[in-house]
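Topology and contacts: notes
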Amino acid sequence: MALNWKALAPHRPLDPGEPGYISPPSGYAERLARLLATGASTILVGGPVGVGKSTELARLAALLQGSRVACLVQLDRRENIRQLTPDQLLLRVAGKLVALAIGSLGLQVSPSLAAPLMKAGVLSEKFSSGVESGPISFTASPVALVRAAIGEISRRSTQGRIALLLDGLEKLPQSPQSYEVLASLGQFDDAVDIVAVVPWFVAFGVAEDSLPPGSRFIPLPAPAVDGPAGAAGQQFLFDILAGRLGLPSESFDPAAITGTLGGAERAPLVNAVTERRNLLLAAAKWSGGLPRTFLQLMADAAQYAQIRRGDEWPDERDLADAVADQKDSFRRMLLPGDSAALQRYDGTDGREMELDRKIRLLARGVLLERQLATGYLMDIHPLVRPLLGDGTGA
Amino acid sequence: MREPGVALAGALARDEGGLTIVTCPDLDLRDWLVKEVESLVPTGAAPFRTTSVAEALREPNRMALLIPSDEAEVVRDLDACRDQALDPPRTQPIVLFLLRHGDGHRTLATEAPSAWSWASGNDVDPEELAELDVDAERAAFTDEAGAPPEDWLVPWRAGQLPRSQENYTRAFWAMTLEQP
């Protein structure tokens, strides 16, 4: 069977309940589920691009289904986030909540709630069958509508409590309008759990006054993929790749080749699998533990192999060129002063680094926060490290 | 060594429905590169030109050649709307043409981490890659293709060679090395 490298789709997160989910070594979604179960009510999710925030949020939605009405609102699939207003956010949440109640939970909702949401374009007419008959004339502000939706659906559902999982807000620019959007998270009823992916600037106290009291910012870390602590992270990336290619997870493990094969037949197979594993190990280390970067490297290397030789599997040269492509992307992203700053704060906790620069570099994964027993350390991404000169350059 | 044609062909083909950035040294060469990409893609990609992110997103099954009139705004819009390309899922990429050292690249670096990440490793600068030993590359082409670039391009342009991915890639490479 030919490998379908297009299936890697590095830019596509998994949807709730979609097969192929691999839990990261941090067990992030399970951790958030435990926090909600023990009383946390507003959790803010952060992390570098491509670390898997959207996939973890979708996983959390699946984990919460039994105990809550878990409503995943993928705002960035419907709205231009930089133009998002608080009212649009509230209406989108209300529309998605009602759609979930009718489409997935099989509940009926009142026409007075559904009609204004349909009129606002945030609830499709296809959900009309789940709307009770009766008077429909009702006009209300977005905040009143979302509260009405929360009240009605929590009362009619068997779970009772609602969890709103808001994806896409990490794309908010740093602006007064964005602070208003973040402040609208405090407009929901106290009986609602909120988990929202937010921009990095939130992690450093910017917009703190806008956020609901008691909010907790919990970053999703990129797993370690190097050194003795890196084995779990490597296997995590291998399993994602195997899953997207439709291969068994042991496909890259030479020790898994057993059975009745004799030594002469077994040796070439072991060699071939060992070569593939070594290539994947190299890609994993270059990725810094970011799943999207790992998949991009492998997809890019596979394209080189296909175009150059018609080969199904890339070799070292193909991966080297994919690495060079990624380095070019990182190089174009570095601004004057970045090299010196990166070298200066590498291996520190980064507290002295200029805030705007730190936020920009953390958001892109140029700097990765590594959690150690003693605290957090700034680690330069492996694709960036070779680009740095003597500290006086870029 | 990354050959410009291979790098560009790989970038166009890597992600079904992804984002490819083609970096252009100047506006005149941007027009040329747009035509080159149009001539390289399989007819099934049904490429079309647009200046608008919204228009590009409205056609998920066609390759959108996004030629901004305002690079910074287009990059900001791509950053904010990126996930609209997932629902419905695109089957063809968006190809964004940006000037080297222009406002688009600066905005990618300063304001648009999502768009940058989407295209990471898929942003090619064919002219920069083509700064190479032309004589050696022409000799390598001739050795591999059995004819110098100009001679190989004659049957290609006459439609006498199969429109395979290998030949599309070779055509781009030949055009890069072609001498008047």
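Residues numbered from 1 in each chain as written. Chains lettered and ligands numbered in written order. Predicted model: local features only at pLDDT ≥ 70, side-chain atom pairs only at ≥ 80, totals over all residues. Heavy atoms only, no water.

**Let's talk about the overall build of chain A**
Counting its regular elements, chain A contains 12 helices and seven strands. What you see for chain A is a C-alpha radius of gyration of 24 Å, in line with the 21 Å of a compact globule of 394 residues. For chain A, the spread of C-alpha atoms along the principal axes amounts to about 75 × 55 × 40 Å. Within chain A, buried positions represent 54% of all 394 residues. Put simply, 71% of the contacts in chain A that link residues at least 6 apart link residues at least 24 apart. Taken together, the 40 basic and 42 acidic charged side chains of chain A have centroids lying 2 Å from each other. (Helix = DSSP H or I, 4+ residues; strand = E, 2+ residues; numbered from the N terminus. Rg over C-alpha atoms; globule rule 2.2 N^0.38 Å. Buried < 20%, exposed > 50% of the residue type's maximum accessible area, 1.4 Å probe, protein only. Contact = heavy atoms within 4.5 Å. Lys, Arg positive; Asp, Glu negative; His and termini not counted. Charge placed at Lys NZ, Arg CZ, Asp CG, Glu CD.)

**With respect to the pattern of salt bridges**
Residue and element names in this part refer to chain A. Using the criterion set out here, one finds 37 salt bridges over all chains in the structure. Arg370 serves as the salt-bridge partner of Asp379, at 3.0 Å between the closest nitrogen and oxygen. With a relative accessible area of 15%, Arg370 lands in the buried category. Here Arg385 ties to Asp379 by a salt bridge, and the two come within 3.2 Å at their closest N and O atoms. For Arg385, a relative accessible area of 38% translates into the label partly exposed. Under the relative-accessibility criterion, Asp379 is labelled partly exposed at 23%. Salt bridges here are not isolated pairs; linked through shared partners, they connect Arg308, Arg309, Asp311, Asp315, Asp318 and Asp321. (Salt bridge = Lys/Arg side-chain N within 4 Å of Asp/Glu carboxyl O.)

**As for the sheet that holds strand S1 (residues 19-24) of chain B**
Residue and element names in this part refer to chain B. The parallel open sheet is built from five strands, whose spatial order is S2-S3-S4-S1-S5. A single partner strand is all that each edge strand has here, and the edge strands are strand S2 (48-50) and strand S5 (123-124). Here S2 pairs with strand S3 (residues 64-66) via three bridges, running parallel. When the bridges of S3 are listed, Arg49 appears paired with Leu65. Of the strands in this sheet, S1, S3 and strand S4 (94-99) are in contact with helix H4 (residues 71-81), which crosses S4 at around 145 degrees. (Pairing = 2+ DSSP bridges. Axes fitted to C-alpha atoms, helices over the stretch in contact; angles between N-to-C directions.)

**Considering the interface of chain B and chain A**
Each side of the interface is counted separately: chain B has 45 residues, and chain A has 39 residues. Broken down residue by residue, the surface that chain B buries against chain A is led by Arg2, Arg14 and Trp116 of chain B, which jointly contribute 18%. If you look at where chain B meets chain A, you find five salt bridges. The partner of Asp123 of chain B in a salt bridge is Arg332 of chain A, and the shortest N-O contact between them spans 3.1 Å. Those elements that provide at least two residues to the side of chain B that touches chain A are helix H1 (4-14), H4, helix H5 (103-110), helix H6 (113-119), S5 and helix H10 (165-177) of chain B. For the side of chain B that touches chain A, a count of residues per class yields 16 nonpolar, 13 polar and 16 charged. (Buried area = accessible area lost by both parts, 1.4 Å probe. Nonpolar A, V, L, I, M, F, W, Y, C, P; charged D, E, K, R; others polar.)

**With respect to the sheet that holds strand S2 (residues 69-74) of chain A**
Residue and element names in this part refer to chain A. Spatially, five strands are ordered S2-S3-S4-S1-S5 in an open sheet, and the strand pairing comes out parallel. Bordering the open sheet on either side are S2 and strand S5 (216-219), each of which pairs with just one other strand. Mean inter-strand twist for the sheet, computed between neighbouring axes without regard to direction, equals 20 degrees. By the bridge criterion, four bridges tie strand S1 (residues 42-46) to S5 in an arrangement that is parallel. Looking at the pairing, Ile43 lines up with Arg216 of S5. In the packing of helix H1 (residues 28-37) onto the sheet, contacts are made with S1, strand S4 (192-197) and S5, and the angle to S5 comes to roughly 165 degrees. Sheet strands in contact with helix H2 (residues 53-64) are S1, S2, strand S3 (162-167) and S4, and its direction is about 165 degrees off that of S3.

**With respect to the domain arrangement of chain B**
Taken as a whole, chain B is organised into domain 1 (4-129) and domain 2 (134-177). One C-alpha centre belongs to domain 1 of chain B, the other to domain 2 of chain B; they are set 25 Å apart. (Domains from an automatic or database assignment.)

**A short note on helix H4 (residues 111-119) of chain A**
Pro111, Leu113, Ala114, Pro116, Leu117 and Met118 of chain A are the residues of H4 of chain A that are buried. Once H4 of chain A ends, the next one or two residues include Gly121 of chain A, with phi positive near 80 degrees.

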